[in-house]
Amino acid sequence: MSSTKRQLSLGLSIANLGYHYAAWRHPGVPADGNMDFRHFVHCAKLAERGLFDLIFLADSSAVRDLDRPAIARDMEHQIVKHEPTALLAALAAVTRHVGLVPTASATYNEPYNLTRTLCTLDHISGGRAGWNMVTGFSIDEARNFGLDKLHDSDTRHARAAEFAAVLRGLEDGGTLDHAGPHFRLRGSLDMAPGPQRRIPIFTAGTSDNAEELAARSADVVYGGQPTIETARAYYASVKGRLAKYGRSPDELKMMPGIMAFIGRTKQEAQDKFDRMQELIEPRLGLGLLTVSSFPDYTGYDLDGPVPELPMPGGRKSEFIDIALDKVRRENLSIRQLYELVSGGFWHLGVVGTPTMVADVMEEWFTTGAADGFNIQPPCIPVDAEDFVELVVPELQRRGLFRTRYEGNTLSDHLGLHQTQQRAMPLPMPAAGA
Amino acid sequence: MSGVTSRRMTLGLALSGPGGVTKFRNMLASAQMAEGCGFDFLWLTDRPGLDPITMAAALAATTQRIGLIPSCAAPYHRPYNLARRLASIDHISRGRMGWMLQPVADAALASKFGNLPLADVATAHAVAAEFAGVVAALWDSWDDDAFIRDKASGLYFDRAKFHWLDHQGAAFKVRGPLDTARPPQGLLPLLIAGGSALAEQLAAGQGEILHGLPADLRAAQGERAVMSRRLEQAGRAPAALRMLPGILPILGRTPTALPSGPGPLPVLGTPEAIAGTLCEWFDSGAADGFIIHLPDTADAIEAFAAGVIPVLQRHGAWQPSPLGATLRDMLGLGHAPSRYAEQAAQAVA
Ligand SMILES: Cc1cc2nc3c(=O)[nH]c(=O)nc-3n(C[C@H](O)[C@H](O)[C@H](O)COP(=O)(O)O)c2cc1C
């Protein structure tokens, strides 16, 4: 097998105990694992055994929606967690190959500090650091940093673009003299460049601003796309913006999330899925609907029809329309609605055999919907183990995934090293270099 | 109770240049050597190069018993971010983290944060005090027993056991709660570098380790007396703050050119003589232990430790801390109950 053949990139998104709302209740999930370092060591080693490109830690610097007790939270087991750069620096010391991608906000960090942190992570890990650059979407986060409301999308994305440019100016060991609308700084990191010299930047988001930021600044885009049609459109839209920045389509990888319930037979997978759905506490199910911007159905019969209630704040959303349409056509109950929403509403969800999961991934990969995937196990570590043991060999058999690590750095794994030597254009005139 | 034999000397280590910290491998070798030699903690001072907090996280996973205290320059951090990073590493290290808060920014660093104006020294100390208070309060966001995690009933946490902070001060506005469980130590020991009245005031309010720079035993005793008064004024017990003067040991018989000016106190002589000085200070009550300043090489650490530490141990002043000891344990500070638990206990009483 030639190493030049296009292959999948795979990330393991370790969202603590899993992406399913009842993950922590699964007998194979350590309910206190979110603060237990050993849980993450186990997951990181598992990702490495599966030859994953990277482990990924989503994040927001807040406990979200805690002030809505009537509603209950959507994911109680994610309330407390580790800070991603700290956790990944610790995991760097106990792994050898796998890339390490922390989420950190460009809105609530300063570029000098964060660049220093990321370059330190790159040094500690021998070139395995990445950065998932987010701009923040949560009012709860804003309130932890002195703000009463979220900055608007334009402001957050302009700051992020400038932040990325500053990181690019500092990370290679050079001296930067930068004066922009959001940051003024002069100096160098006082550090040799990290082994990668250039830290892969990840972004996510579907707004026009988010896509533009991805095209300008990102090496990898983490997408939340529920269907192959939307995923192809998103793929084409983001890649279509690259030329404007003098970049070619293969300089940016699209890695949507995938949540797979895997069984050796289809029935086994379906049983797994059904068992998890039954574990969703009704309180949480209703909370999930409310934080997903559905009306609050508290007080109505869970097994009765979904009542016609006004949308909160008169909001409209394509996703909610699709879901409510399905409710009407199929006569679904409130319970069935929250089960629907919990089972891969945002992301690609698959319930099936390893062959079926690999089929879906292959189709997305070969028809312009994905360059790789961020694996979002419903329950961690159990479903990550299943993915590594059952799906990875199937992908390898098809020649879609590596059979050993060929490079040493995250950029190597992602295949970014040949194409990304050029410096990224700064979003605004900046003196010096 | 005889104060001399029941106390345990705490030994910290601070490493310094020649250059900056460019290779993590070297820092790891130094940390592991320091741990093997019995040092209670390593103070990761903010030298040019790799970030001390990120290094502390990696060291937490590669060491077993040594305490880790990274320097944090207050002007360049936000309390919420720093609180969760440090809490996270306290969980990873099973309670071996501390933190050093540097109120005033290094001028060289300041230009790198060009959009942050440099505050005057008094204001910087006031901001640092507010900063330290917010961080400590955020650590108390969740009670130690807030998480029930009952798989059968589906109850994950007890809604009565978290606390909004709703802090609104001169420098910071932070709502909370922290998104990290209460760190194993509850409160991470805060190290303050002394040397000025403002720093001493900060240490008396919230510090648990004072790195003093007395020029001799008399000065150290004087500093202890001053700090006891300041602690009393702040409503804290004298033992709430551990006094660990900075010592620059110079092993050898022949006097060399001693460094002059402010800085750790040079102590010259054979290992026995240096150990004798440390014991004298410790026995007199002027110091609870020391922060030993050494060049950043495994050889220098080993040379000091092999000569001096066995003498301290024979004297009964120092003994190795047991595996599993937290940094608070090593400092003799004990577990820190949550402020809310204390308030509740007071309300009952
Ligand atoms: C798949 C996916 C994952 C995301 N993960 C995070 C995350 O971990 N943390 C975060 O703060 N934002 C996350 N976001 C939010 C985006 O970074 C961005 O802020 C959001 O899409 C809002 O963009 P807008 O303000 O332009 O609408 C994610 C978005 C998507 C689509």
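This structure is a prediction, so every number in the text was calculated from the model and none was measured.

K.L.:
Just checking my understanding: could you explain the site of the ligand for this structure?
P.N.:
Residue and element names in this part refer to chain A. Among the 16 residues in the neighbourhood of the ligand, the closest are listed as Asp-59, Phe-137, Arg-156, His-157 and Ser-207. At 2.9 Å, a side-chain N or O of Arg-156 approaches an oxygen atom of the ligand. Every element with two or more residues in the shell around the ligand is listed here: α5 (153-171) and β8 (220-223). Its residues assigned to classes, the shell around the ligand shows 5 nonpolar, 9 polar and 2 charged.

K.L.:
Mind showing me how you'd approach the pattern of salt bridges here?
P.N.:
If the charged atoms of two oppositely charged side chains come close together, the side chains can form a pair. For the structure on display, the rule yields 50 salt bridges over all chains. We note a salt bridge from Arg-175 of chain B to Asp-140 of chain A, for which the minimum N-O separation is 3.6 Å. Of this pair, Arg-175 of chain B sits in the loop between β8 (173-174) and β9 (190-193) while Asp-140 of chain A sits in helix α4 (residues 139-143), placing the two residues on different chains. Each member of the pair, Arg-175 of chain B as well as Asp-140 of chain A, carries the same accessibility label: buried.

K.L.:
Sorry, what's going on with helix α10 (residues 318-330) of chain A here?
P.N.:
All names here are of chain A. Taking 1.5 Å per residue as the helical rise, α10 with its 13 residues ought to reach 18 Å, and the 18 Å between its terminal C-alpha atoms agrees with that figure. Turning to α10, its buried residues are Ile-320, Ala-323, Leu-324 and Val-327. All buried residues of α10 lie within an arc of 95 degrees about the axis, which places them on one face of the element. Residues Glu-318, Ile-322 and Arg-329 are exposed on α10 and point more than 90 degrees away from its buried face.

K.L.:
I tried to follow the interface of chain B and chain A on my own but got confused; where do I start?
P.N.:
Interfaces are often sized by the accessible area lost when the parts come together. With 56 residues of chain B at the contact, the number on the chain A side is 68 residues. Approximately 5200 Å² of surface area, both sides summed, lies buried where chain B meets chain A, with 55% of it carried by carbon and sulfur atoms. It is Lys-112, Lys-151 and Tyr-156 of chain B in chain B that bury the most area against chain A; as a group they hold 15% of the surface buried on that side. Remark: the boundary between chain B and chain A carries 8 salt bridges.

K.L.:
In this structure, what is going on with the domain arrangement of chain A? I would like to understand it.
P.N.:
Residues and elements named next belong to chain A. In terms of domains, chain A is made up of domain 1 (9-261 + 348-420) and domain 2 (281-342). The C-alpha-based centres of domain 1 and domain 2 are spaced at 30 Å. Counting across the interface, domain 1 meets domain 2 through 1 salt bridge. Put simply, Glu-76 and Arg-283 hold a salt bridge, and the shortest N to O gap is 3.3 Å. In this structure, the connection of domain 1 to domain 2 is made through 1 residue pair in polar contact (both at pLDDT 80 or more).

K.L.:
Explain the confidence of the model for chain A here, please?
P.N.:
The predicted coordinates should not be examined in detail at positions where pLDDT is low. On average, residues of chain A score 91 in pLDDT, and 92% of them are at 70 or above. For the stretch residues 419-433 of chain A, pLDDT sits under 50, and the model shows 29 contacts to residues farther than four places along the chain or on other chains.

K.L.:
Help me understand the UniProt feature "binding site: FMN" (unreviewed entry) in chain B, please; the structure alone is not making it clear to me.
P.N.:
All names here are of chain B. The UniProt record marks Ser-196 with the feature "binding site: FMN" (unreviewed entry), using the residue numbering of this structure. Summarising the element assignment, Ser-196 is placed in the loop between β9 and α7 (197-206). The class for Ser-196 is partly exposed, based on a relative accessible area of 31%.

K.L.:
In this structure, what is going on with the environment of Gly-36 of chain B? I would like to understand it.
P.N.:
With respect to the secondary-structure elements, Gly-36 of chain B resides in helix α2 (residues 24-37). The class of Gly-36 of chain B is exposed, set by a relative accessible area of 70%.

K.L.:
Whenever I open this one, the UniProt feature "binding site: FMN" (unreviewed entry) in chain A confuses me. Can you help?
P.N.:
All names here are of chain A. As recorded in UniProt, the sites labelled "binding site: FMN" (unreviewed entry) are Asp-59, Thr-103 and Ser-207. Its location among the elements puts Thr-103 in strand β3 (residues 99-105). Among the residues examined, Thr-103 registers a relative accessible area of 2% and is labelled buried. At a separation of 2.6 Å, a polar atom in the side chain of Thr-103 contacts the main-chain carbonyl oxygen of Leu-57. You can see Ser-207 is positioned in the loop between β7 (201-204) and α6 (208-217). Non-local contacts of Ser-207, meaning those with residues more than four positions away in its chain, are made with Ser-153 and His-157.

K.L.:
What am I meant to see in the nonpolar core here?
P.N.:
Most often, soluble globular proteins keep nonpolar side chains buried together rather than apart. Core analysis: the biggest nonpolar cluster contains 166 residues, and Trp-131, Met-361 and Phe-387 of chain A together with Phe-39 and Trp-99 of chain B have the highest contact counts within it. Here this core gets 9 residues from one element, more than from any other, and that element is helix α6 (residues 121-139) of chain B. Ignoring any residue separated from it by four or fewer positions in sequence, one finds Met-361 of chain A in contact with Leu-8, Leu-10, Ile-258, Phe-373, Ile-375, Phe-387, Val-391 and Leu-395 of chain A. By size, the runner-up hydrophobic cluster in this structure holds 55 residues, among which are Val-29, Phe-56 and Val-220 of chain A together with Ala-146 of chain B.

K.L.:
Is there a simple way to explain the confidence of the model for chain B in this structure?
P.N.:
For chain B, the mean per-residue pLDDT works out to 92, and 95% of the residues sit at or above 70. Low pLDDT (under 50) marks residues 1-5 of chain B, which in the prediction has 3 contacts with non-local residues, meaning those over four places away or in another chain.

K.L.:
Even after reading the chapter, I still don't get the packing of α2 of chain B against helix α3 (residues 52-62) of chain B, so can you show me in this structure?
P.N.:
Axes are the key here: two packed helices are described by the angle between their axes and the distance separating the axes. Residue and element names in this part refer to chain B. Interaxial distance between α2 and α3 falls to 11 Å at its minimum, and their mutual angle equals 50 degrees. As the angle between them shows, α2 and α3 are arranged oblique. Of the two elements, α2 crosses α3, and the hand of that crossing is right-handed. Between α2 and α3, the residues in contact are Phe-24, Met-27, Leu-28, Ala-31 and Gln-32 and Met-55, Ala-58, Leu-59 and Thr-62, respectively. Across the contact of α2 with α3, the residue classes tally to 7 nonpolar, 2 polar and no charged.

K.L.:
What is the right way to read unusual backbone geometry from this model?
P.N.:
The general pattern is negative phi for most residues beyond glycine and trans for most peptide bonds. The step from Ile-380 of chain A to Pro-381 of chain A runs through a cis peptide bond, and the omega angle for that step is 10 degrees. Within the secondary structure, Pro-381 of chain A is located in the loop between β11 (372-375) and α13 (382-397). Here the amide bond leading from Gly-176 of chain B into Pro-177 of chain B is cis, since omega sits at -10 degrees, within 30 degrees of zero. Examined against the element boundaries, Pro-177 of chain B turns out to sit in the loop between β8 and β9.

K.L.:
Where do I start with the pairing of strand β2 (residues 41-44) of chain B in this structure?
P.N.:
In regular strands, side chains alternate between the two faces of the sheet. Residues and elements named next belong to chain B. Burial along β2 is two-sided: the face carrying Phe-41 and Trp-43 and the face carrying Leu-42 and Leu-44 are both buried. With 3 bridges connecting them, strand β1 (residues 10-16) and β2 associate as parallel partners. By the bridge assignment, Gly-12 is partnered in β2 with Phe-41. As a crossover connection, the stretch from β1 through α2 into β2 is right-handed. For β2 and strand β3 (residues 67-73), the ladder comprises 4 bridges, and the chain directions are parallel. Paired with Phe-41 across the two strands is Gly-67, which belongs to β3.

Reading the values: the criteria
- Residues numbered from 1 in each chain as written.
- Chains lettered and ligands numbered in written order.
- Predicted model: local features only at pLDDT ≥ 70, side-chain atom pairs only at ≥ 80, totals over all residues.
- Heavy atoms only, no water.
- Near = heavy atom within 4 Å.
- Polar contact = N/O pair within 3.5 Å; in protein donor to acceptor, adjacent residues only side chain to side chain.
- Helix = DSSP H or I, 4+ residues; strand = E, 2+ residues; numbered from the N terminus.
- Nonpolar A, V, L, I, M, F, W, Y, C, P; charged D, E, K, R; others polar.
- Salt bridge = Lys/Arg side-chain N within 4 Å of Asp/Glu carboxyl O.
- Buried < 20%, exposed > 50% of the residue type's maximum accessible area, 1.4 Å probe, protein only.
- Expected span 1.5 Å × (residues − 1).
- Arc of directions from axis to C-beta.
- Contact = heavy atoms within 4.5 Å.
- Buried area = accessible area lost by both parts, 1.4 Å probe.
- Domains from an automatic or database assignment.
- pLDDT = per-residue confidence, 0-100.
- UniProt positions renumbered as here; feature names shortened; annotations may be inferred.
- Core = buried A, V, L, I, M, F, W, Y, C linked by side-chain atoms within 4.5 Å.
- Axes fitted to C-alpha atoms, helices over the stretch in contact; angles between N-to-C directions.
- Parallel < 35°, antiparallel > 145°, perpendicular 65-115°, else oblique.
- Left-handed = near helix turned anticlockwise from the far one by under 90°.
- Pairing = 2+ DSSP bridges.
- Right-handed = clockwise from strand over helix to strand, strands pointing away.

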